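Results of the structural survey
Single-letter residue listing:
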Amino acid sequence: MSKNILVVAGDGIGPEIVAEAIKVIDALQAEGAIDVQLHHALVGGAAYDEFGDPLPESTLTAAKAADAVLLGAVGGPKWEPLPIAKRPEKGLLGLRAGLELFANLRPAILYPQLADASTLKPEIVAGLDLMIVRELTGDIYFGQPRGIETLPSGERRGINTMVYTESEVERICRVAFEIAMKRNKQVCSVDKANVLECTEMWREVAIKTAANYPEITLTHMYVDNAAMQLVRAPKQFDVMVTGNIFGDILSDCASMLTGSIGMLPSASLGASGQGMYEPIHGSAPDIAGRGIANPLATILSVAMMLRYSLGAPDAAARIETAVSAVLDQGLRTADIMSAGMRQVGTVEMGDAVVAALAEAR
Ligand code: NAD
Ligand code: IPM
Ligand code: MN
């Protein structure tokens, strides 16, 4: 039976990179490898401009009805003057919360062809295969109280609150442990338990939950050290599990190990098989509209979508093989360009992946 994909391209480079991902979906559909129907909706700044709301009810309803959501990116300088509640980013956060997508998988895998594109020495990153499991619907992103208040003195005070319940920590740890069981069985839980009670509890719950997974080796690291270790010796990690804000920051950091933030896909999953799939990067206003953005993170997000939500692991593997083949051909967008390679734009990169798909069987 045909599966429904809701496409929300968003802002900035969002529509440019999503167009290339759709080409890949269309190519697989045309040859009968998958059976999907695409629907489109607005989110972020694009939705605000049209409806005065970064997450219109119609978009959330369509997202809930879909088997999977493919998202580009949201945000941009145009909407920065808006209050937080109307900002494009609120649309994305509303989708994550509304669909209860608490588990965000951000795999940082170095394609060997890109060892030279990383800012780190090739031997530091060669063979990198790290899975960051980021909690996505809790933490300081959603904690109460929040806001800006004016004190009697007239001075303002800004407030956000880091909050986790035990069950929220337990379920994200379980996701990390399950993933690690299919990998090297090493999980590093990242916290700030030396300072923040919320993460002191996180650590306790992680340890308690690990008792159900005797084969897993659970270690703990403070987030500041984890950031340093990621650039010092990233291959020490197999699976990292952490909260929403730490995971946001660490995954951008990890992306550079793979050559570019334009390479990192993600899957956001809940308790059902439904998921939302998006590159980890943003709307890149500095390069939007120039046709130079790297579409590979979005294309690789389609592979994750096929694997995790649409039951099409073979098609997913073919996309990944096609991406590798295109890199073998020496094609590079500007962000992953290195000496001796051929620089291409967004569209040419997408076309090359589609062409390589035919060979990748
Ligand atoms: P960003 O990820 O958009 O860009 C950071 C840098 O990486 C920029 O120099 C950009 O050109 C580059 N970059 C990002 N994606 C790229 C790609 N595919 N190919 C080549 N280069 C790429 O982060 P930012 O500049 O801090 O944020 C810009 C806007 O995006 C903000 O409004 C922010 O809130 C939003 N944002 C959205 C998401 C999302 O939708 N998931 C994620 C992060 C940031
Ligand atoms: C990401 C982004 C988002 C986040 C923003 C745009 C809300 O940075 O997907 O990594 O902080 O989660
Ligand atoms: Mn981010």
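Keep in mind that this is a model prediction, so the values were computed, not measured. Residues take numbers from 1 onward in each chain, read along the sequence in its written order. Here chains are named by letter from A upward and ligands by number from 1 upward, in the order in which they appear as written. A pLDDT threshold of at least 70 governs which residues receive local features in this predicted model, and a stricter bar of 80 or more applies before side-chain atom pairs are shown or counted, although totals over entire chains, interfaces and linings include all residues.

We count a stretch as a helix when DSSP gives it H or I for four or more residues in a row; a strand needs E for two or more, and each element gets its number in order from the N terminus. A count of helical and extended segments in the protein chain gives 12 helices and 14 strands. Against the globule reference of 21 Å for 361 residues, the protein chain gives a C-alpha radius of gyration of 20 Å, in line with a compact fold. Along the first, second and third principal axes, the C-alpha set of the protein chain runs to 60 × 50 × 45 Å. Buried means a residue has 20 or more other C-beta atoms within 10 Å of its own C-beta, exposed means 12 or fewer, and partly exposed covers the counts in between; C-beta atoms are placed from the backbone. In the protein chain, which comprises 361 residues, the proportion classed as buried is 51%. Throughout, a pair of residues is in contact if the C-beta atoms placed from their backbones lie within 7 Å. Considering only contacts in the protein chain between residues 6 or more positions apart, those separated by 24 or more positions represent 74%. The reference for a compact globule is 2.2 Å times residues^0.38; the radius of gyration itself is calculated from the C-alpha atoms.

Turning to the domain arrangement of the protein chain, a few remarks are in order. Residue ranges labeled as domains rest on an automatic or database domain assignment. Domain parsing of the protein chain yields domain 1 (1-110 + 261-361) and domain 2 (118-130 + 139-258). Here domain 1 and domain 2 have C-alpha centroids that lie 24 Å from each other. The interface of domain 1 with domain 2 comprises 13 residues on the first partner and 20 residues on the second. Three residue categories are used. Nonpolar comprises Ala, Val, Leu, Ile, Met, Phe, Trp, Tyr, Cys and Pro, charged comprises Asp, Glu, Lys and Arg, and polar comprises the others, including Gly. Its residues assigned to classes, the side of domain 1 that touches domain 2 shows 11 nonpolar, one polar and one charged.

Now for the sheet that holds strand β1 (residues 3-10). Sheet architecture is open: 10 strands sit in the order β2-β1-β3-β12-β11-β4-β5-β10-β8-β9, paired in mixed fashion. Two strands bound the open sheet, and with one partner strand each, they are β2 (36-40) and β9 (217-222). Within the sheet, the average angular offset between the axes of one strand and its neighbour, ignoring direction, is 25 degrees. Between any two strands, pairing holds if DSSP finds at least two bridges. Strand direction decides the pairing type here: strand β3 (residues 68-73) and strand β12 (residues 275-277), joined by three bridges, are parallel. Note on β12: the bridge partner recorded for A68 is G275. Seen against the sheet, helix α1 (residues 14-30) touches β1, β2 and β3 and runs at an angle of roughly 145 degrees to β3. Against the sheet, helix α8 (residues 223-232) contacts β8 (186-191) and β9, and its axis sits at roughly 100 degrees relative to β9. Axis lines are fitted to C-alpha atoms, over the contacting stretch for helices. Their N-to-C directions set the angle, which ranges from 0 to 180 degrees.

With that settled, the discussion passes to the pairing of β2. Note: β1 against β2, five bridges, orientation parallel. For L6, the partnering residue across the bridge sits in β2 and is H39. Crossover handedness is defined by viewing with both strands directed away from the observer: a clockwise path from the first strand over the helix to the second marks the crossover as right-handed. Crossover connection from β1 via α1 to parallel β2: handedness right-handed.

By definition, a nonpolar core groups buried Ala, Val, Leu, Ile, Met, Phe, Trp, Tyr and Cys residues that connect through C-beta atoms lying within 7 Å of each other. If you look at the biggest cluster of nonpolar residues, it comprises 118 residues, and the most contacted ones within it are V69, L70 and V302. At nine residues, helix α10 (residues 296-308) tops the list of elements feeding residues into this core. Both domains that furnish three or more residues to this core are identified here as domain 1 (1-110 + 261-361) and domain 2 (118-130 + 139-258). Each residue touching V69, except ones within four places of it in the same chain, is listed here: L6, V8, A63, L95, M276 and Y277.

So, on to the site of ligand 2. Lining the immediate surroundings of ligand 2 are G75, E89, L92, L93, D248, I280 and G282. Here the shell around ligand 2 gets three residues from one element, more than from any other, and that element is helix α4 (residues 88-98). Tallied by class, residues from the shell around ligand 2 come to three nonpolar, two polar and two charged. Only the C-beta atom matters for nearness: placed from the backbone, it must lie within 6 Å of the molecule or strand for the residue to count as near.

Sheet analysis places strand β6 (residues 147-150) next to strand β7 (residues 156-159), joined by four bridges and oriented antiparallel. Looking across to β7, one finds that T150 is bridged to R156. The turn joining β6 and β7, which pair antiparallel and follow one another in sequence, is formed by five residues; a positive phi near 95 degrees is taken by G154.

On the UniProt side, "domain: Isopropylmalate dehydrogenase-like" (unreviewed entry) is annotated at positions that read residues 4-353 here. Regarding residues 4-353, the helix share stands at 39% and the strand share at 19%, and the terminal C-alpha atoms are separated by 23 Å. UniProt positions are given in the numbering used here, feature names are shortened, and annotations may be inferred rather than shown by experiment.

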